[in-house]
Amino acid sequence: MAETKVSTVVEAPAERVWELIGSFHGLGGWHPDLPESSRGNELTGNAIGAVRVFEFDGTVLRETLLGYDEDARSYTYSFPDGTFHLDGYRATLRVTPVTELGACFVEWNAAYDVEAAHRKESGDLVRGVFASGLAALRERFAG
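The notes below deal with the structure included here. (Residues numbered from 1 in each chain as written. Predicted model: local features only at pLDDT ≥ 70, side-chain atom pairs only at ≥ 80, totals over all residues. Heavy atoms only, no water.)

### Overview of the environment of Val95
How we decide: Here a helix means four or more residues in a row that DSSP labels H or I, a strand means two or more in a row labelled E, and each is numbered from the N terminus. Only heavy atoms matter for contacts: two residues are in contact if any of them lie within 4.5 Å across the pair.
Within the secondary structure layout, Val95 lies in strand S6 (residues 86-98). For the pair Val95 and Arg73, spaced 22 residues apart in the sequence, the C-alpha separation amounts to 5.5 Å. When neighbours within four sequence positions are excluded, Val95 is seen to be in contact with Ala14, Val17, Trp18, Ile21, Ala72, Arg73, Cys104, Phe105 and Val106.

This is the structure in structure tokens:
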């Protein structure tokens with residue numbers, strides 16, 4: 001099992017950051033490299049089992065919400081085996097308060113299986129998506 005972990009500190013209260021990023025279907029609204037998603041099934045909002053669909057560069061990506069915890073400010077999702085050479089992909093986006101600073105810690109983690117031949121390429125892709133999203137959050141809430 002391979003893992004990718006990317007995190008940052010955002011200079012804003014956790015509540016404000018979660019308000020922006022806490023909607024499963026809202027990822028394309030704040031991530032600079034992803035388009036707006038469309039619904040992939042009848043489930044709306046942050047209902048477990050909801051599917052968001054991204055279409056970009058001739059690729060269609062369907063992600064399914066596996067877990068959502070408003071109080072813990074986190075959600076977990078997956079996408080189908082074989083997508084980007086990854087199997088068993090599960091990712092979690094989480095916002096945790098850093099109370100002393102009035103800031104928050106944002107982490108985006110994924111665990112997945114990947115064949116050795118695709119390990120670097122797939123890991124770099126996941127890391128790049130996570131890092132660019134978190135960098136955009138840092139910039140958005142900076143000073």
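Now that the structure is up, let's keep going.
### Topic: helix H1 (residues 14-21)
How we decide: For every residue, the accessible area (1.4 Å probe, protein chains only) is compared with the maximum for its type, and the residue is labelled buried under 20%, exposed over 50%, or partly exposed between those bounds. The reported arc concerns the directions from the helix axis to the C-beta atoms and nothing else.
The complete set of buried residues in H1 reads Ala14, Val17, Trp18 and Ile21. End-on, the buried residues of H1 take up no more than an arc of 100 degrees, which puts them together on one face.

### Overview of the pattern of salt bridges
Using the following cut-off: Salt bridge, as applied in this entry: a Lys or Arg side-chain nitrogen positioned within 4 Å of an Asp or Glu carboxyl oxygen.
Scanning the entire structure with this criterion turns up five salt bridges. Note that Arg73 is salt-bridged to Glu15, the shortest N-O span being 3.0 Å. In this pair, Arg73 sits in the loop between strand S4 (59-69) and strand S5 (74-78) while Glu15 sits in helix H1, placing the two residues 58 residues apart along the sequence. Under the relative-accessibility criterion, Glu15 is labelled partly exposed at 48%.

### Focus: a negative patch on the surface
Rules: Patches were defined on residues exceeding 30% relative accessible area and lacking a salt bridge, with like-charge contacts within 9 Å and nonpolar side-chain contacts (Val, Leu, Ile, Met, Phe, Trp, Tyr) within 5 Å. A 1.4 Å probe and the Shrake-Rupley method give the accessible areas. Residues count as covered only by the protein chains that appear here. For this count, His and the chain ends are skipped, Lys and Arg are scored as positive, and Asp and Glu as negative. For the purpose of locating charges, the reference atoms are NZ of Lys, CZ of Arg, CG of Asp and CD of Glu.
A contiguous patch of negative charge on the surface is contributed by Asp81, Asp87, Asp113 and Glu115. Mapped onto the fold, Glu115 is located in the loop between strand S7 (103-114) and helix H3 (119-141). Exposure remark for Glu115: the relative accessible area of 58% places this residue in the exposed category.

### Description of the pairing of strand S1 (residues 2-10)
The condition is simple: Two strands pair if DSSP finds at least two bridges between them.
Only one face of S1 is covered, namely the one carrying Ala2, Thr4, Val6, Thr8 and Val10; the face carrying Glu3, Lys5, Ser7 and Val9 has none of its residues buried. Two elements, S1 and S7, share nine bridges in a ladder whose sense is antiparallel. When the bridges of S7 are listed, Ala2 appears paired with Tyr112.

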